[in-house]
Amino acid sequence: MFLNTEWLMQQGEDAMLLHQVHSAYSDHPSHIAVAVSGGGDSVALLHLAYRVAGQTGQTLSAVTVDHGLRAESAAEAATVAQFCQVLNIPHSTLHWNGTEAQGNLMAAARDARYQLIADWAKSNGIGHVMLGHTRDDEAETFLMQLGRGAGVDGLSAMDWRPQRLGIHWGRPLHHSVRSELRDYLTRQGIEWIDDPTNENPKYLRSRIRAAMPQLADLGLTVDAIATSASNQKMARAALDHYAAKEADTHLTIQGGDVILPRNLDRLMVPQDIQRRLWLASVMWIGGGDHAPRQSGLSQITHAIRDGRDVTLNGCAILVKRDHIRFTRELNAVRDLRCPTTEIWDGRWQLTGPHAPDLHISAVGEEGIRQCSDWRASGFPRPSIISSPAVWRSNTIIAAPLAGFGTEWTAQIVAPFSMGKNVH
């Protein structure tokens, strides 16, 4: 599955782009997919991947999400499907009703695309999906984050081979600028669709994109901004490295909880490192792909100072005299239910005499009343009531963390990691 060097050198101006696409995944998977909107970036990526796959023998598929936000979206998805038919590339169109989205529409559309594509890929045995993000996207995102007052994490370059929702995503064109890809398509005689949303001043990214020529006159070129984002990424990696060292020294995991000293300032742990420890704890316990905003972390700072409890992203932070405990918030798992053979809340696996009429739910207020000896467990009440229990209908059978029901045990199957906390 390696490109023939002689063939690559014969591709002239296209050689570097083809090499970037081939290098997207170091393990060169046998089956890859490309997410294609119909815009110039993704169409160029699809055609480049098509040429590479023709040389390597890899299976190539394409997928388009019809977001339903514009009347033209269905026709655009059909245009992509027709292009794929010409190239004999299997193509699927996925549908999302964007008109029902609430809150930040662009963020909701992005999350929906990832989820739909991930589900589609897994159902088709595809573990690797390519995205058409470019250096221009990097620069625009940097400026958007700068306007929000972001620090090192928010200003860092995107991960080019991230894992999310059980899929390996690749952004092979992150070193290329948008104009290079338009030039490529022009050389190949391939048309693309210009999304009018990209010129709609309603959206911040569109306004930034329109301002880029004026910024370039001031020296704030796409290349300069993207380089700064790469530098921020290196700084973030260094901070994460030292945060991991402090975690090894100061962080304790008890059951599904994280315990940290309250007086990290006195232990000479810098504030930014403390923030990373808090964030990693919240993300591990609360889950999700998006870290809390800076305002959320400020809540933790104020709570620790004032000696009061606080909740954030489905995580309850209990502030004690000499330590702080991060545990699951009951409200976040109150209605979460699954068979005893499945992973509960993304972290807990229960072992015991499974049966079809049993399920896992949180202990809750009702369950703890039946666990008379729960205090002997050493866990505080908030930790117990949000922990997993085995139920038969409305009767609790076992609550492992509470020491109730000796036939059942519970263990965490999602290891704690400092690497999930800042993206």
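None of these values were measured; they are calculated from a predicted model.

Parameters at a glance
- Residues numbered from 1 in each chain as written.
- Predicted model: local features only at pLDDT ≥ 70, side-chain atom pairs only at ≥ 80, totals over all residues.
- Heavy atoms only, no water.
- Helix = DSSP H or I, 4+ residues; strand = E, 2+ residues; numbered from the N terminus.
- Buried < 20%, exposed > 50% of the residue type's maximum accessible area, 1.4 Å probe, protein only.
- Contact = heavy atoms within 4.5 Å.
- 1 Å grid on protein atoms, 1.4 Å probe; cavity = no way out; pocket = protein on both sides within 12 Å on 5 of 7 lines; lining within 4 Å.
- Points joined across faces, edges and corners; volume = space filled by probe spheres on them.
- Nonpolar A, V, L, I, M, F, W, Y, C, P; charged D, E, K, R; others polar.
- Expected span 1.5 Å × (residues − 1).
- Polar contact = N/O pair within 3.5 Å; in protein donor to acceptor, adjacent residues only side chain to side chain.

K.L.:
Describe the overall build of the protein chain, listing the residues and the values that go with them.
P.N.:
What the protein chain contains, in helices and strands, is 15 helices and 17 strands. Expressed as lengths along the three principal axes of its C-alpha atoms, the size of the protein chain is roughly 75 × 55 × 45 Å. The burial tally for the protein chain puts 47% of its 423 residues in the buried class. For the protein chain, the proportion of contacts with a sequence separation of at least 24, taken over those separated by at least 6, is 68%.

K.L.:
Tell me about empty space enclosed by the protein, and please be specific about residues and values.
P.N.:
Per the stated rule, a full pass over the model turns up two cavities of 30 Å³ or more. Lining the largest cavity, in full, are G256, D257, T327, R328, R347, W348, S383, S386, S387 and L401. The residue makeup of the lining of the largest cavity, split by class, is two nonpolar, five polar and three charged. Estimates place the volume of the second largest cavity at around 40 Å³. V21, H22, Y25, H28, P29, I32, V52, Q58 and M130 together form the lining of the second largest cavity. Tallied by class, residues from the lining of the second largest cavity come to six nonpolar, three polar and no charged.

K.L.:
Describe helix α6 (residues 135-147), naming the residues involved and giving the relevant values.
P.N.:
Its 13 residues give α6 an end-to-end C-alpha distance of 19 Å, which sits within 8% of 18 Å, the value for a rise of 1.5 Å per residue. Counting buried residues in α6 gives 10 out of 13 residues, a clear majority hidden from the surface. Among the residues making up α6, those that are buried are R135, D136, D137, E138, A139, E140, F142, L143, M144 and Q145. For α6, the elements touching its buried residues are α3 (40-56), α7 (152-155), α8 (178-188), α9 (204-217) and α10 (222-250). Two or three places before D136, at the opening of α6, T134 has a side-chain oxygen 3.3 Å from that residue's backbone nitrogen.

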